[in-house]
Amino acid sequence: MIGKVDQPRVEKAIVQDKTHFLQMKEHPWLSTASFIAILLLWEWVSQMAWVPPLFLPAPSSILSEGWTMLKTGIIFKHIFSSLTRILWGFVIACSLGVMVGILIGFFSIPEAVGNPIIAATFPIPKIAILPLLILWLGIGEASKVAVIALGVFFPMVINVYTGVKNVDPLLIKAALSLGSNRARIIRKVILPSILPMIFAGMKLGIGIALLLVVAAEMVAADAGIGFMILTAADLMQTKKLMVGLIILSLLGIFFNWLFQKLERFFVPWKQ
Amino acid sequence: MKVLIDHISKVYIDRRGESTEALQDIHFAIEENEFVVVVGPSGCGKSTLLNIIAGLLSSTSGQVIFEGTQTDSRPHTAVVFQDFALFPWRTVLKNIVYGPEESGVKRKEQFEIAKRYITLVGLQGFENKYPHQLSGGMKQRVSIARALANNPLLLLMDEPFSALDAQTRTLMQYELSRIWEETHKSLLYITHNIQEAVFLGDRVVVLSRRPGRILDIIKIDLPRPRGEHLTLEKKYLEYADAIWGHIKKQAREAMEEAG
């Protein structure tokens, strides 16, 4: 036999599963436990007064501060202001984004006109446009809503555009062969095809909206979470500031959960 | 009603301006209630031909003519694609009513049409399933029902069973044969499978490799209803052998070119 080398024989050689290490183990309790552990560590560090409470107040004191703000209702005023701005900006941006995205994705002339405009304006950090928007629309609500709308519009329009470009051409052919015209194709094939992309755009957009609402409220506002955080910092009320951060985190988590539920409901054909 | 494929040629021109001739002077007719199968080696432009007839692609020269039809708004053709092309966001029932929906049939009537074709293709109990919940064979049943529900003058099928496993494919051939014998739709069926062509067709159009030309048109004189027993008959095998004789050399050349 070619390549045969005289080697001592082993009795048995058992085949091992070489992919063994690829199977990620699940650690169901570790996530919760580690989270609690970090909080406890933080609490301990603060209680021992190793860090001045001005810099790092204890979680328990932040919580009680939050509870007080909840009872006085002051917190709701800020949340309501911010949410109203987010909602308006978000709704405007999503509807415009979907319309423009379909337009430039499906028709060649809007694509030729729209693409360079989007490519040129997309990279500008939206917060840098805020002064210009204030100049145009005044210091009130309109400029804040506009900056949020602008920020959410771009991920939406780009997602929708990509979605339209990736619609399965076979489905369009099938619809055409069954008698659809162009308008029907958009409504009955393109729109449902891009629904998952729209939801992806919304999830991206809500993060941007939270960022921009806070930024806009820090520039000029008399209410809102951003305003609350900034004034708390000015007055060295670190606990209040921390409450603001927790609210932002909770809002982010809530919106993600909400969009996930909505997606399940509106896109039942994707598991 | 008769569909005339009138001297169709197709030349593709790519971005660099190089041209590829896909079809060369294809000329034949599909009679009313006739089952015509186009068979040929891979890359003979079969699918190109089907797309031209379906109005989903323009020909370079020649035209497709529906003779003796009433001028109504009814769609002329409906296509069953190899990859099913079902709308994933529509249930089985909603997929099937797509055509009637588009031609403005009333909702109640849509439902009756759907029910009829669901029964015909054997999809009872699956009405409210989504395509991703179905097997390949079931998906293709939905696609066939959807095409038939559109009430086309000519039903077009583009290698409809190629994406299925061999056993499902054989069963679906029997099914299609049964469905066709119940509906007698004018049908143009594209395949590269010779046995399938002989089993299903009234006539078989044999195409050459690129550029696709008609090598022969063979009338399949086998009794209907056709079933499993047919595949053992001498005449069936002779037809298959005759077609293979035409295609063998072409297929080998195509294979070597591709390799």
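Shown above is the structure to which this text applies.
Residues numbered from 1 in each chain as written. Chains lettered and ligands numbered in written order. Predicted model: local features only at pLDDT ≥ 70, side-chain atom pairs only at ≥ 80, totals over all residues. Heavy atoms only, no water.

A. Summary view of the overall build of chain B. Of the regular secondary structure elements, chain B holds eight helices and nine strands. The globule rule puts the C-alpha radius of gyration for 259 residues at 18 Å, and the 18 Å found for chain B is close to it. Seen along its three principal axes, the alpha-carbon backbone of chain B occupies a region of about 50 × 45 × 40 Å. Evaluated residue by residue, chain B yields a buried proportion of 53% over its 259 residues. When contacts within chain B are restricted to residue pairs at least 6 apart in sequence, those whose partners lie at least 24 apart make up 71%. Of the roughly 11900 Å² that chain B leaves accessible, carbon and sulfur atoms contribute 48%. Here chain B contributes 32 positively and 33 negatively charged side chains, and the mean placements of these two sets differ by 4 Å. (Helix = DSSP H or I, 4+ residues; strand = E, 2+ residues; numbered from the N terminus. Rg over C-alpha atoms; globule rule 2.2 N^0.38 Å. Buried < 20%, exposed > 50% of the residue type's maximum accessible area, 1.4 Å probe, protein only. Contact = heavy atoms within 4.5 Å. Areas by Shrake-Rupley, 256 points an atom, 1.4 Å probe, with all protein chains shown as cover. Lys, Arg positive; Asp, Glu negative; His and termini not counted. Charge placed at Lys NZ, Arg CZ, Asp CG, Glu CD.)

B. Summary view of a nonpolar patch on the surface. On the surface, Phe35, Ile36, Leu39 and Leu40 of chain A cluster together to form a nonpolar patch covering roughly 410 Å² of accessible area. Looking at the element boundaries, Leu40 of chain A is found in helix H1 (residues 30-47). (Patch = residues over 30% accessible without salt bridge, like charges linked within 9 Å, V, L, I, M, F, W, Y side chains within 5 Å. Salt bridge = Lys/Arg side-chain N within 4 Å of Asp/Glu carboxyl O.)

C. Looking closely at helix H8 (residues 182-219) of chain A. Residue and element names in this part refer to chain A. In a regular helix each residue adds 1.5 Å, so 38 residues correspond to 56 Å; H8 covers only 46 Å between its end C-alpha atoms and thus falls short of that length. Along H8, the largest kink reaches about 45° and is centred on Leu195; proline Pro196 follows within four residues of it. Two or three places before Ala183, at the start of H8, stands the capping residue Asn181, its side-chain oxygen 3.4 Å from that residue's backbone nitrogen. (Expected span 1.5 Å × (residues − 1). Bend = angle between axes of the 7 residues up to and from the residue. Polar contact = N/O pair within 3.5 Å; in protein donor to acceptor, adjacent residues only side chain to side chain.)

D. Quick peek at the packing of aromatic side chains. Residues and elements named next belong to chain A. According to the stated counting rule, one finds 17 aromatic pairs over all chains in the structure shown. Look at Phe106 and Phe107: their rings are 5.2 Å apart centre to centre, the planes differ by 85°, and that puts the pair in the edge-to-face class. Members of the aromatic cluster, connected to one another through ring pairs, are Phe90, Phe254, Phe255, Trp257 and Phe259. Over the ring of Phe154 we find Lys126, and its NZ or CZ is 4.7 Å from the ring centre. (Phe/Tyr/Trp six-rings, centres within 6.5 Å; stacked < 30°, edge-to-face > 60°. Lys NZ or Arg CZ within 6 Å of the ring centre and 35° of its normal.)

E. Quick look at the interface of chain B and chain A. At the interface, 21 residues of chain B touch 18 residues of chain A. Of the roughly 1800 Å² buried at the junction of chain B and chain A (both faces included), carbon and sulfur atoms supply 65%. Among the residues chain B hides against chain A, the three largest losses belong to Trp89, Tyr98 and Glu102 of chain B. Together they make up 36% of the total. Where chain B touches chain A, the interface holds three salt bridges. (Buried area = accessible area lost by both parts, 1.4 Å probe.)

Keep in mind that these numbers describe shape and distance, not what the molecule does.
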